[in-house]
Amino acid sequence: MTIDVRPASVFEDVRTLLGPKSPGANVCWCLSYRVPSKLNNSLRGPARGEYVAGLCRSGRPPGVLAHDDGEPVGWAAVAPRSETSFARSRTIPHVDDLPVWSLWCVRVRPGHRGRGVSHALIAGAVGFARAGGAPAVEAYPLDNGDARVDLTMAYAGFRKNFERAGFTHAADTTSVLAGHPRILMRLDLR
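Thresholds, definitions, all that
Residues numbered from 1 in each chain as written. Predicted model: local features only at pLDDT ≥ 70, side-chain atom pairs only at ≥ 80, totals over all residues. Heavy atoms only, no water. Phe/Tyr/Trp six-rings, centres within 6.5 Å; stacked < 30°, edge-to-face > 60°. Helix = DSSP H or I, 4+ residues; strand = E, 2+ residues; numbered from the N terminus. Buried < 20%, exposed > 50% of the residue type's maximum accessible area, 1.4 Å probe, protein only. Contact = heavy atoms within 4.5 Å. Polar contact = N/O pair within 3.5 Å; in protein donor to acceptor, adjacent residues only side chain to side chain. Core = buried A, V, L, I, M, F, W, Y, C linked by side-chain atoms within 4.5 Å.

(A) Highlighting the packing of aromatic side chains. With the rule as written, the count across this model stands at seven aromatic pairs. Between Phe 11 and Trp 29, the aromatic rings sit 5.6 Å apart at their centres with planes inclined by 15°, giving stacked as the arrangement. Linking Phe 11 in helix α1 (residues 11-18) with Trp 29 in the loop between α1 and α2 (37-42), this pair joins segments that are 18 residues apart in sequence. A centroid spacing of 4.7 Å and a plane angle of 20° characterise the contact between Tyr 33 and Phe 86, whose relative ring orientation is stacked. With Tyr 33 in the loop between α1 and α2 and Phe 86 in the loop between β3 (71-80) and β4 (101-108), the pair connects residues that are 53 residues apart, well separated along the chain. Neither Tyr 33 nor Phe 86 differs from the other in exposure class; each is buried. Chaining the aromatic ring pairs together yields one cluster made of Tyr 33, Phe 86, Trp 104, Tyr 140 and Tyr 155.

Here it is in C-alpha cells:
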C-alpha cells in the first residue's frame, strides 16, 4: 500500500469521500465548520456538493485527499482558522493572535482503516498548510484515552494521533463530541 496525499482539487475524488449515496441528501460535505451557519443551513441537497465543487476549483482546495494506488481513501479538512467557524467559537479558545490554520476533520473510508491513512492525512494537511504560509496548525481532537468512539463522530481525530504527528496540547476547551472532551492541539511551523 502506497499512500499519496495531495490537495483536494478533483471534485469526483472529494465526492467519493464526502458525498451522499443519494444526490438529494443533506450530508455535511465538511461544510459545517467551513462556512457561516446561515449559509450552511441554506445549502440543501445538490447545492452542497456544488458549493464544494467550487471550492475544489478555487485557488486553494478545501483540504487534502489520501490516495492508495490512485483510489481516494481519506480526507482531511484544513484551512486558515479565520475562514472557519473556529474563528468565532465560544467553546474552542484562541491561544493567541497567530494566524493559524485549523485541521478539523480526518476521515478514512471503511476498508482502509488501521493502515496509517489518518497519519498520512495529518502529515499531508500540515504540509498543505505550510505551503499556504501557515505559521502553525491547530486541531481539536477528542481526548478519549482508550475509550471507544462511535466512528461517525471520530472525524475530529484522536489526541494520540496528533501527538504522534508532533502536535502538543495547547489548551483545554469546553467542546464535547460524542461524550468526550475536545482539546486544542497545536503544531508550530515556524
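(B) Region of the structure containing the environment of Arg 6. For Arg 6, the location among the structural elements is in strand β1 (residues 3-7). Once residues within four sequence positions are removed from consideration, Arg 6 is found in contact with Val 64, Leu 65 and His 67. In terms of polar contacts, Arg 6 uses its side chain to reach the side chain of Asp 4, at 2.2 Å.

(C) Highlighting the nonpolar core. Core analysis: the biggest nonpolar cluster contains 33 residues, and Val 14, Trp 75 and Trp 104 have the highest contact counts within it. Among the secondary structure elements, those contributing two or more residues to this core are α1, α3 (46-57), β3, β4 and β6 (168-177).

(D) Looking closely at unusual backbone geometry. Although it is not a glycine, Cys 30 adopts a positive phi angle of roughly 60°. Within the fold, Cys 30 resides in the loop between α1 and α2. Here Cys 30 falls in the buried class, since its relative accessible area comes to 6%. A positive phi is found at Asp 69, a non-glycine position, where the angle reads about 50°. Structurally, the position occupied by Asp 69 is in the loop between β2 (63-68) and β3.

(E) Focus on the side chain of Arg 186. Note on placement: Arg 186 falls in strand β7 (residues 180-188). Given the relative accessible area of 11%, Arg 186 is considered buried. Among the polar contacts listed, one links the side chain of Arg 186 to the side chain of Glu 138, at a separation of 2.8 Å. Sequence-distant contacts of Arg 186, that is, excluding residues within four places in its chain, are made with Val 95, Asp 96, Leu 98, Val 100, Ala 136, Val 137, Glu 138, Gly 166, Phe 167, Thr 168 and Ala 170.

(F) Representation of the environment of Thr 16 within the structure. With respect to the secondary-structure elements, Thr 16 resides in helix α1. The spacing of Thr 16 and Val 35 is 19 residues in sequence and 21 Å in space, taken between C-alpha atoms. Discounting chain neighbours no more than four positions away, the residues touching Thr 16 are Pro 72 and Arg 109. At 3.0 Å, the side chain of Thr 16 forms a polar contact with the backbone oxygen of Glu 12.

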